[in-house]
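# Coordinate analysis (summary)
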Amino acid sequence: QLIDYKAITFQKKPTKSSDLVGIIDYLNTLYQHVKQYEKTGLIWGDFLLKHPQTLKQLPEDLIFIDWGYHKSYPFDEHLKMLAELKIPFMAAPGT
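The shown structure was predicted, so the numbers you read here are calculated from the model rather than taken from an experiment. (Residues numbered from 1 in each chain as written. Predicted model: local features only at pLDDT ≥ 70, side-chain atom pairs only at ≥ 80, totals over all residues. Heavy atoms only, no water.)

## Describing the sheet that holds strand β1 (residues 42–44)
Working definition: the strands of a sheet are paired by backbone hydrogen bonds and lie parallel or antiparallel to each other. The criterion, for reference: When DSSP finds two or more bridges between a pair of strands, those strands are recorded as paired. Secondary structure elements are taken from DSSP: a helix is a run of H or I of four residues or more, a strand is a run of E of two residues or more, and numbering for both begins at the N terminus. Here the axes come from fitting lines to C-alpha atoms, over the contacting stretch only for helices, and the angles between their N-to-C directions go from 0 to 180 degrees. Throughout, a residue-residue contact means that at least one pair of heavy atoms, one from each residue, lies within 4.5 Å.
Read across the sheet, 3 strands follow the order β1-β2-β3 without closing on themselves; strand pairing throughout is parallel. Edge positions in the sheet fall to β1 and β3 (89–93), since each has one partner strand and no second. Across the sheet, the axes of successive neighbouring strands diverge by a mean angle of 25°, strand direction being ignored. Bridge count between strand β2 (residues 63–68) and β3: 5 bridges; the pairing is parallel. Looking across to β3, one finds that Phe 64 is bridged to Phe 89. Against the sheet, helix α3 (residues 75–84) engages β2 and β3, with an angle of about 170° to β3.

Dropping the structure here:
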């Protein structure tokens, strides 16, 4: 069964807490689709790192991928925060 992931797009930055609630709800819906096939979900986390209050609203076994293009990207800061929150993660350096 194919899933239509084009159901939602983000054309602008969320400006209200209700925007973030909608995004988290959508991510959790996608997660349920992944779990029904007994798979592990992965998510690119650049957007969510700008809104750290959202991180604990994600499923506990969803793997967070932090990526950065530049050598000055603050992986150490981000990964420390994810580890402290006990969020499974991977780092994906671009350079």
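Past the structure itself, the notes keep going.
## Quick look at the environment of Leu 48
Within the fold, Leu 48 resides in helix α2 (residues 46–49). Residues Leu 48 and Asp 66, 18 residues apart in the sequence, show an inter-C-alpha distance of 9.7 Å. Residues within four places of Leu 48 in sequence aside, it is in contact with Ile 24, Leu 27, Ile 43, Thr 54, Leu 55, Leu 58 and Phe 64.

## Description of the pattern of salt bridges
So the rule is basically this: The rule for a salt bridge is simple: a side-chain nitrogen of Lys or Arg has to be within 4 Å of a carboxyl oxygen of Asp or Glu. Per-residue accessibility, obtained with a 1.4 Å probe over protein chains only, is compared with the maximum for each type, and a residue is labelled buried under 20%, exposed over 50%, and partly exposed between these values.
Per the counting criterion, the structure on display carries 1 salt bridge. Residue Lys 35 pairs with Asp 61 through a salt bridge whose shortest N-O separation is 2.9 Å. You can see Lys 35 sitting in helix α1 (residues 17–35) and its partner Asp 61 sitting in the loop between α2 and β2, a full 26 residues away along the chain. You can call Asp 61 partly exposed: its relative accessible area is 33%.

## Let's talk about the packing of aromatic side chains
What counts here: Aromatic rings from Phe, Tyr and Trp, taking only the six-membered ring of Trp, are treated as a pair when their centres fall within 6.5 Å; an angle between ring planes under 30 degrees marks them as stacked, one over 60 as edge-to-face, and anything in between as tilted.
With the rule as written, the count across this model stands at 3 aromatic pairs. Aromatic side chains Trp 44 and Trp 67 sit 6.4 Å apart centroid to centroid with 90° between the ring planes, which places their arrangement in the edge-to-face category. With Trp 44 in strand β1 and Trp 67 in strand β2, the pair connects residues that are 23 residues apart, well separated along the chain. In this structure Trp 67 comes out as partly exposed when scored by relative accessible area, which is 22%. Here Tyr 73 and Phe 75 contribute two aromatic rings whose centre-to-centre distance is 4.6 Å and whose plane-to-plane angle is 65°, an arrangement assigned as edge-to-face. Each residue in the set Trp 44, Trp 67 and Tyr 69 is aromatic and connected to the rest through ring pairs, giving one cluster.

None of this, on its own, says anything about what the molecule does.
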